[in-house]
Amino acid sequence: MPTAFIPFTVRATVREDHKRSFRTDIERLTSSHRGWAPLDVVKSTDTQALLRGAVPNSVHTATDASLARYLQDRLVADSDIHLDLAVSIER
């Protein structure tokens, strides 16, 4: 049975104390080795980026807030990326 994927958008905002690493964090966020949630940059400035991605349907995709928590936890665990994320699931 094929797995259903849930599309979403992410607004990543720089944290005040990490402005110098924002571009590097975005590059690391979109690097191809993140198989758990591949992301593409739609638009980016020096303080915000809009990204698009998709994840398999699971308990993490029940709400925007649960997906945001899941992505934030994975980012911190994977590579210590310091961004604030606002997630919108596209249903």
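Our subject is the structure that appears above.
Predicted, not measured: the structure shown is a model, and the values here were computed from it.

> Describe the overall build of the chain, with residues and values.
Of regular secondary structure, the chain possesses 2 helices and 4 strands. Taken from the N to the C terminus, the helices and strands of the chain come in the order β-α-β-β-α-β. The buried share of the chain, reckoned over its 91 residues, is 36%. Put simply, of all contacts in the chain between residues at least 6 apart along the chain, 65% involve residues at least 24 apart.

> Any chance you could break down the pairing of strand 2 (residues 39-44) for me, citing the residues and the numbers?
Examined bridge by bridge, strand 2 and strand 3 (residues 48-56) share 5 bridges and lie antiparallel to one another. Each bridged residue has a counterpart across the sheet, and for K43 the counterpart in strand 3 is L50. Counting the residues between successive antiparallel strands, the hairpin from strand 2 to strand 3 contains 3 residues.

> Now, about the pattern of salt bridges: what can you tell me, with residues and values included?
Summed over the entire model, instances satisfying the criterion amount to 3 salt bridges. As a salt-bridge pair, R15 and D84 come within 2.9 Å of each other at their nearest N and O atoms. With R15 in the loop between strand 1 (5-14) and helix 1 (22-29) and D84 in strand 4 (residues 83-89), this pair connects stretches of sequence that are 69 residues apart. A residue is classified by how much of its surface remains accessible, and R15, at 24% relative accessible area, is partly exposed. D84 sits in the partly exposed class, given a relative accessible area of 37%.

> Can you lay out the nonpolar core for me, pointing to particular residues and giving the numbers?
F8, L67, L71 and L83 are the most contacted members of the largest nonpolar core, which totals 21 residues. Among the elements of the structure, strand 1, helix 1, strand 3, helix 2 (64-79) and strand 4 are those that each provide at least two residues to this core. At 5 residues, strand 1 tops the list of elements feeding residues into this core. Sequence-distant contacts of L83, that is, excluding residues within four places in its chain, are made with A12, T13, V14, R15, F22, D25, I26, L29 and Q72.

> Describe the sheet that holds strand 4, and please don't skip the residues or the numbers.
Spatially, 2-3-1-4 is the arrangement adopted by the 4 strands of the open sheet, whose pairing is antiparallel. Looking along the sheet, the strands with just one partner apiece sit at the ends: strand 2 and strand 4. With strand direction ignored, the average angle separating the axes of adjacent strands in the sheet is 25 degrees.

Parameters and conventions
The numbering scheme is per chain: residues are counted from 1 as the chain's sequence reads. The predicted origin of the model limits local features to residues at a pLDDT of at least 70 and limits the giving and counting of side-chain atom pairs to 80 or more, whereas totals for whole chains, interfaces and linings rest on all residues. To get the side-chain values, take all heavy atoms of the structure and skip hydrogens and water. Helix and strand labels come from DSSP, where a helix needs a run of H or I of at least four residues and a strand needs a run of E of at least two; each type is numbered from the N terminus. When accessible area is computed with a 1.4 Å probe and restricted to protein chains, residues below 20% of their type maximum are described as buried, those above 50% as exposed, and intermediate ones as partly exposed. Pairs of residues are marked as contacts when any of their non-hydrogen atoms sit within 4.5 Å. Here a strand pair is declared whenever DSSP counts at least two bridges between the two strands. We count a salt bridge whenever a side-chain nitrogen from Lys or Arg sits within 4 Å of a carboxyl oxygen from Asp or Glu. Put simply, a nonpolar core is a bunch of buried Ala, Val, Leu, Ile, Met, Phe, Trp, Tyr and Cys residues held in one set by side-chain atoms that sit within 4.5 Å of each other. Simply put, an axis is a line fit to the C-alpha atoms, just over the touching stretch for a helix, and the angle between two N-to-C directions goes from 0 to 180 degrees.

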